[in-house]
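# Structural overview for review
Listed below are the residues making up each chain.
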Amino acid sequence: MADIKTIGVLTSGGDAPGMNAAIRAVVRTGLAKGLKVKGILKGYNGLLNEEIIDMNATSVSDTIDRGGTILYTARCLEFIDPEYQNRGADICRKYGIDGLVVIGGDGSFKGAQKLSALGINTIGVPGTIDLDIACTDYTIGFDTAINTAMRAIDRIRDTSTSHERCSIIEVMGRNAGHIALWCGIANGAEDILLPGKYDFNEERIINSIIENKKRGKKHHIIVNAEGIGHSTSMAKRIEEATGVETRATILGHMQRGGSPTCKDRVYASMMGSYATQLLCEGKSNRVVAYHGGEFVDFDIDEALAMTKDVDEHMYEVSKLLCR
């Protein structure tokens, strides 16, 4: 074990179901290895404001099933500034924090990267429902988010069928289309609109709705990615062109909440524990990932330079299934 005595943990950016499981794993793995563990509230914003608490095994009791993050989270645009990065590193040293686990997305990892360069050992853990971190096949919260959205879309389809409507359901994911693609397949959508894939040919969608209605189809489900957006105006145009009542539903932040699935609890626990072990080995500037069926780690610089698109094979299959 490297000369690590105290570690800190924070959550940053958007919350994701499973973050509490990761926090719990960091705390309990650290305590098991004889370390002191400090929780930093409200992400980098809380670090700069010195909102730092001592954590023990009881601090994380009965939290694994809870959505959100017990450490809270916040955006911190100030941390882009080198002055505040230096201040954050100084505060870590002030509180004796030898290593820091940062649970969040790409923006959070950029902050971890800067702290590492300033001498604070940092390990990133991918926590985002968007699945948009290129180095990993899994991000904390994605599994819960797609299951939450899937169940909501199932319910919308029931009422859409009853009223013989077209329904446009907008899911989260920013400019990534992973949630939309997975839900589009899982919910048997007639159309899936993804950033970088959708050609904005509404005429094709309109013709498809008309043809489906002629052959007796009672509903038409369109899963629309957040990066496409404009679901409400799209619904108005489709209704005017087809004569089919069309409703838009934006699922929004409900996808971030709720009790995490078994997968999110287990994988987040594995990632949190792995991150702590890396700190104990004296590692820094690393991102924990699930890649090729194994938990591994990448250099943060390398991870941030990677790019990621939706799975091309899944996308091609989805086009075969959409009818």
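Our subject is the structure that appears above.
Scope of this entry: the structure provided in the associated data block. (Residues numbered from 1 in each chain as written. Predicted model: local features only at pLDDT ≥ 70, side-chain atom pairs only at ≥ 80, totals over all residues. Heavy atoms only, no water.)

## With respect to the overall build of the protein
When helices and strands are counted, the protein shows 11 helices and 11 strands. Since a compact globule built from 323 residues should have a radius of gyration of about 20 Å, the 22 Å found for the protein is in line with a globular shape. Dimensions of the protein along its principal axes, counting C-alpha atoms only, are 70 × 35 × 35 Å. Counting the 323 residues in the protein, one finds 54% classified as buried. For the protein, the proportion of contacts with a sequence separation of at least 24, taken over those separated by at least 6, is 75%. Summed over its atoms, the accessible surface of the protein is roughly 14000 Å², and 48% of this surface lies on carbon and sulfur atoms. (Helix = DSSP H or I, 4+ residues; strand = E, 2+ residues; numbered from the N terminus. Rg over C-alpha atoms; globule rule 2.2 N^0.38 Å. Buried < 20%, exposed > 50% of the residue type's maximum accessible area, 1.4 Å probe, protein only. Contact = heavy atoms within 4.5 Å. Areas by Shrake-Rupley, 256 points an atom, 1.4 Å probe, with all protein chains shown as cover.)

## What about the packing of aromatic side chains?
Overall, the coordinates contain 7 aromatic pairs when judged by the stated rule. Ring geometry for phenylalanine 142 and tryptophan 182: centres 5.4 Å apart, planes at 90°, overall edge-to-face. Of this pair, phenylalanine 142 sits in helix α5 (residues 142-162) while tryptophan 182 sits in helix α6 (residues 178-186); the two residues are 40 residues apart in sequence, bridging distant segments of the chain. Look at tyrosine 267 and tyrosine 290: their rings are 4.9 Å apart centre to centre, the planes differ by 45°, and that puts the pair in the tilted class. Of this pair, tyrosine 267 sits in helix α9 (residues 262-280) while tyrosine 290 sits in strand β10 (residues 286-291), and the two are 23 residues apart along the sequence. Neither tyrosine 267 nor tyrosine 290 differs from the other in exposure class; each is buried. (Phe/Tyr/Trp six-rings, centres within 6.5 Å; stacked < 30°, edge-to-face > 60°.)

## What to know about the sheet that holds strand β2 (residues 36-40)
Across the sheet, 7 strands lie side by side as β3-β2-β1-β4-β5-β10-β11; this open sheet has mixed pairing. Unpaired on one side and paired on the other, β3 (52-55) and β11 (294-299) mark the two borders of the sheet. Pairs of neighbouring strands in the sheet enclose a mean axial angle of 30°, with direction left out of account. Bridge count between strand β1 (residues 6-11) and β2: 4 bridges; the pairing is parallel. By the bridge assignment, threonine 6 is partnered in β2 with lysine 36. (Pairing = 2+ DSSP bridges. Axes fitted to C-alpha atoms, helices over the stretch in contact; angles between N-to-C directions.)

## Overview of the sheet that holds strand β9 (residues 246-250)
Pairing within the open sheet is parallel, and its 4 strands lie in the order β7-β8-β6-β9. The strands lining the two open edges of the sheet, one partner per strand, are β7 (191-193) and β9. Averaged over all pairs of adjacent strands, the angle between their axes in this sheet comes to 15°, without regard to strand direction. Alignment of strand β6 (residues 166-171) against strand β8 (residues 220-225), held across 6 bridges, turns out to be parallel. Of the residues in β8, the one forming a bridge with isoleucine 169 is valine 223.

## Quick notes on the pairing of β1
Every other side chain in a regular strand lies on the same face of the sheet, so the side chains alternate between the two faces. Across the 6 residues of β1, 6 count as buried, placing the element largely inside the fold. Going residue by residue along β1, you find Thr6, Gly8 and Leu10 tucked away on one face and Ile7, Val9 and Thr11 tucked away on the opposite face as well. On the question of chirality, the crossover connecting β1 to the parallel β2 by way of helix α1 (residues 19-32) is right-handed. Taken together, the 5 bridges between β1 and strand β4 (residues 99-104) define a ladder with parallel strand orientation. Among the inter-strand pairings, leucine 10 is bridged to a residue of β4, identified as valine 102. (Right-handed = clockwise from strand over helix to strand, strands pointing away.)

## Concerning the side chain of threonine 11
Looking at the secondary structure, you find threonine 11 in strand β1. Separated by 2.8 Å, the side chain of threonine 11 and the backbone oxygen of tyrosine 72 make a polar contact. With residues up to four places along the chain from it excluded, the contact list for threonine 11 reads Met19, Ile23, Lys42, Gly43, Thr69, Leu71, Tyr72, Thr73 and Ile103. (Polar contact = N/O pair within 3.5 Å; in protein donor to acceptor, adjacent residues only side chain to side chain.)

## Notes on the pattern of salt bridges
Between side chains of opposite charge, pairing is possible as soon as their charged atoms come close. Per the counting criterion, the structure on display carries 20 salt bridges. In this structure, the salt-bridge partner of lysine 217 is glutamate 190, at a minimum N-O distance of 3.2 Å. In this pair, lysine 217 is assigned in the loop between α7 (202-214) and β8 and glutamate 190 in the loop between α6 and β7, connecting sequence segments 27 residues apart. Residue classification places glutamate 190 among the buried residues on the basis of a relative accessible area of 6%. In this structure, arginine 237 and glutamate 202 form a salt bridge, with 2.5 Å as the shortest nitrogen-oxygen distance. Residue arginine 237 is found in helix α8 (residues 231-242), and its partner glutamate 202 is found in helix α7; the two are separated by 35 residues along the sequence. (Salt bridge = Lys/Arg side-chain N within 4 Å of Asp/Glu carboxyl O.)

## Description of α1
Spanning 14 residues, α1 covers 20 Å between terminal C-alpha atoms, matching the ideal 20 Å at 1.5 Å per step. Within α1, 10 of the 14 residues are buried, which leaves it mostly tucked inside the rest of the structure. The complete set of buried residues in α1 reads Met19, Asn20, Ala21, Ala22, Ile23, Ala25, Val26, Val27, Thr29 and Gly30. Where α1 is buried, its residues touch β1, β2, β3, β4 and α9. Just downstream of α1, glycine 34 is the residue with a positive phi angle, here 80°. (Expected span 1.5 Å × (residues − 1).)

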